[in-house]
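Residue-level listing of the chains:
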Amino acid sequence: MKTKKFEKLGISPSLLGFGCMRFPLDENGNIDEVESEKMLDKAINAGVTYIDTAFPYHNGDSEPFVGKVLKKYNRKDLFLATKLPIWEISSKEDAKKIFLDQLERLGVDYVDFYLLHALDKEKWDKVIKYNILDLCQELKEEGKICYLGFSFHDEYPVFKEILEYHDWDFCQLQLNYMDMDIQAGMQGYLLTEKYNIPLIVMEPVKGGALALLPDDVTDKFKKYNFQASISSWALRYVASLSNVKVVLSGMSTYDQVIDNLNTFENFEYLNEDELALIQEVKDTLKSRTQNGCTGCSYCMPCPFGVDIPMNFKYWNNAYVYKEHEAFKEKLENMESKKKAKNCRQCGACEKMCPQQLSIREDLKQVCNYIDD
Ligand code: SF4
Ligand code: SF4
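Given the structure is predicted, the values throughout are model-derived calculations rather than measurements. (Residues numbered from 1 in each chain as written. Chains lettered and ligands numbered in written order. Predicted model: local features only at pLDDT ≥ 70, side-chain atom pairs only at ≥ 80, totals over all residues. Heavy atoms only, no water.)

Around ligand 1, the structure places C302, P303, F304, I308, C343, R344, Q345, C346, G347, C349, R360 and L363. Each residue belonging to the shell around ligand 1 can be placed in one class, and the counts come to eight nonpolar, two polar and two charged. (Near = heavy atom within 4 Å. Nonpolar A, V, L, I, M, F, W, Y, C, P; charged D, E, K, R; others polar.)

In terms of domain boundaries, the protein chain breaks down into domain 1 (16–280) and domain 2 (308–371). Computed from C-alpha coordinates alone, the two centres of domain 1 and domain 2 are separated by 30 Å. (Domains from an automatic or database assignment.)

Ranked by size, the top nonpolar core spans 92 residues in total, and within it F18, I51, L116, F150, W168 and Y177 carry the most contacts. For this core, the element with the highest residue contribution is helix 9 (residues 230–239), accounting for seven residues. With sequence-adjacent residues up to four places away left out, W168 is seen in contact with K8, L116, W124, L133, L148, G149, F150, I162, L163 and I197. (Core = buried A, V, L, I, M, F, W, Y, C linked by side-chain atoms within 4.5 Å. Buried < 20%, exposed > 50% of the residue type's maximum accessible area, 1.4 Å probe, protein only. Helix = DSSP H or I, 4+ residues; strand = E, 2+ residues; numbered from the N terminus. Contact = heavy atoms within 4.5 Å.)

With that settled, consider helix 8 (residues 215–224). If you check which residues of helix 8 are buried, you get V217, T218 and F221. The arc that holds every buried residue of helix 8, seen down its axis, measures 100°, which confines them to one face. Projecting away from the buried face of helix 8 at angles above 90 degrees are the exposed residues D215 and K223. Residues of helix 8 that are buried sit in contact with helix 9 and helix 11 (272–286). (Arc of directions from axis to C-beta.)

Another aspect to go through is the packing of helix 3 (residues 92–106) against helix 5 (residues 132–141). The contact between helix 3 and helix 5 brings their axes to 9 Å, and the two run at 40°. Taken together, the axes of helix 3 and helix 5 lie oblique to each other. Regarding helix 3 and helix 5, the two cross each other, and that crossing is right-handed. Of the residues in helix 5, those in contact with K92, A95, K96 and F99 of helix 3 are I132, D134, L135, E138 and L139. In terms of residue class, the contact of helix 3 with helix 5 is made up of five nonpolar, no polar and four charged. (Axes fitted to C-alpha atoms, helices over the stretch in contact; angles between N-to-C directions. Parallel < 35°, antiparallel > 145°, perpendicular 65-115°, else oblique. Left-handed = near helix turned anticlockwise from the far one by under 90°.)

For the rest of this paragraph, the subject is the layout of surface pockets. Approximately 1,200 Å³ is the volume found for the largest pocket. Contributing elements (two or more residues each) for the lining of the largest pocket: helix 4 (121–129), helix 12 (308–320) and helix 13 (324–332). A total of seven residues in the lining of the largest pocket trace back to one element, the largest contributor, which is helix 12. Class assignment of the residues belonging to the lining of the largest pocket gives a composition of 12 nonpolar, 13 polar and 13 charged. Inspection of the lining of the largest pocket shows a minimum of three residues originating in each of domain 1 (16–280) and domain 2 (308–371). Around the second largest pocket sit 27 residues that line it, and R22, E203, G207, S249 and G250 are the ones nearest its centre. Sorting the residues of the lining of the second largest pocket by element identifies strand 4 (111–119), helix 9, strand 8 (244–249) and helix 10 (254–265) as the ones contributing at least two each. Per-element tally for the lining of the second largest pocket: the top contributor is helix 10, with four residues. (1 Å grid on protein atoms, 1.4 Å probe; cavity = no way out; pocket = protein on both sides within 12 Å on 5 of 7 lines; lining within 4 Å. Points joined across faces, edges and corners; volume = space filled by probe spheres on them.)

Further remarks concern the packing of aromatic side chains. Using the criterion set out here, one finds 22 aromatic pairs in the structure. With 6.0 Å between their ring centres and 35° between their planes, F18 and F23 make a pair best called tilted. On the basis of an interplanar angle of 75° and a centroid distance of 4.8 Å, the ring pair of F113 and F170 is categorised as edge-to-face. Here F113 is found in strand 4, whereas its partner F170 is found in the loop between helix 6 (156–165) and strand 6 (171–174), with 57 residues between them in sequence. Three or more aromatic residues joined by ring pairs make a cluster, and in this case those are F6, Y50, F79, F113, Y147 and F170. Over the face of the ring belonging to F226 we find K222, whose NZ or CZ atom lies 5.3 Å from the ring centre. In this arrangement the basic side chain of R236 is found over the ring face of W233, its NZ or CZ atom lying 5.9 Å from the centre. (Phe/Tyr/Trp six-rings, centres within 6.5 Å; stacked < 30°, edge-to-face > 60°. Lys NZ or Arg CZ within 6 Å of the ring centre and 35° of its normal.)

Linking two cysteines covalently via their sulfur atoms produces the bond known as a disulfide. On inspection of all chains with the given rule, the structure shows zero disulfides. C146 forms no disulfide, and the closest cysteine sulfur to it belongs to C136, at a distance of 13 Å. (Disulfide = S-S within 2.5 Å.)

All right, on to the pattern of salt bridges then. Under the counting rule described, the total for this entry stands at 24 salt bridges. Linking R75 and D112 is a salt bridge whose minimum nitrogen-to-oxygen distance equals 2.9 Å. Remark: D112 occurs in strand 4 and R75 occurs in the loop between helix 2 (62–70) and strand 3 (79–84); sequence separation between them is 37 residues. Judged by relative accessible area, which is 5%, D112 ranks as buried. A single network of salt bridges, built from pairs that share partners, joins E37, D41 and K72. (Salt bridge = Lys/Arg side-chain N within 4 Å of Asp/Glu carboxyl O.)

Our next topic: unusual backbone geometry. At the junction of M300 and P301, the peptide bond is cis and its omega measures out at -5° in the coordinates. Relative to the assigned elements, P301 resides in the loop between helix 11 and helix 12. Located in the positive-phi region is K206, a residue other than glycine, with phi close to 50°. Residue position: K206 is located in the loop between strand 7 (199–202) and helix 8. One non-glycine residue, Q345, lies in the positive phi region at around 65°. If you trace the backbone, Q345 turns up in the loop between helix 13 and helix 14 (359–371). A residue is classified by how much of its surface remains accessible, and Q345, at 32% relative accessible area, is partly exposed.

Pasting the structure below:
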């Protein structure tokens, strides 16, 4: 199993991390414990040592389930990661209570990697307001947390502010070959490199979208290497970046575990031809977008409640991935006030858009697309 050294921390967890948020479910919608345990066992026995869970995964069932399975293994051989749900806390004491509860749910007396979960500007302000970093430092001194980091979902300036505020042990970003310019993106990656902060990547396969591509694009990959799975290209893309130390995959079938193990047991960095092929695929997919919305949200909030980036995201993805049914459904299931049809054509948003998009016209197109 491929490992990369976290130079800053002197440890070498497996490059493939097991994300515990998408376990298979039984007929009642609960974790299918038999199948999920089989998957975890297979991965751990093959050398996966980084196991990533969080307080809210599977409606709170992931932590206790993972804790139960890990009991079979030597605790010191594994790197267990979980996360503090900032949205649940209103004081430092709240945070401590949740952390101690997490130790109990996991059945452990320490956590290797502890993350402040899904930081954005609002949650970061709470972290500061309630002195959460002081609490985490105390827990580190007590040996209950080994390494402190954060996962992130906001724009680059917020990422920069957070990264520069504290001497983090590591951080976790969403990164994949289609989305190198959204959220913190490649700019964020380069900043972690500059400050020598080891990076863990989430959503390398874009929630599964890069595992199942349209036929013409799949053919390009298969022509180059028939044996390689489509998702292996996405995983190797991020894993080849030098400061990426762990790539998380939220595996939901046994076959996915086998496929991912195959990628990381025989791991090869992308060569120049392969990088060029991914660029070609990316260009092909991007050429199908209906507009160039980057999801930056500078146009928000709309005074009438329209979620402009969300509408454009679903509309674009429907064409890029040729998944019209699925994305039409997402557009139709959006909260009523956020739908494109609520645009009153006031034009306020267009003045704010760095891409100079014709937002009003494009929202009309979204409405026509849904009605088609
Ligand atoms: S033009 Fe439409 S989407 Fe833009 S701010 Fe006005 S109402 Fe909202
Ligand atoms: S419409 Fe423009 S401002 Fe709004 S999210 Fe998209 S790119 Fe950003």
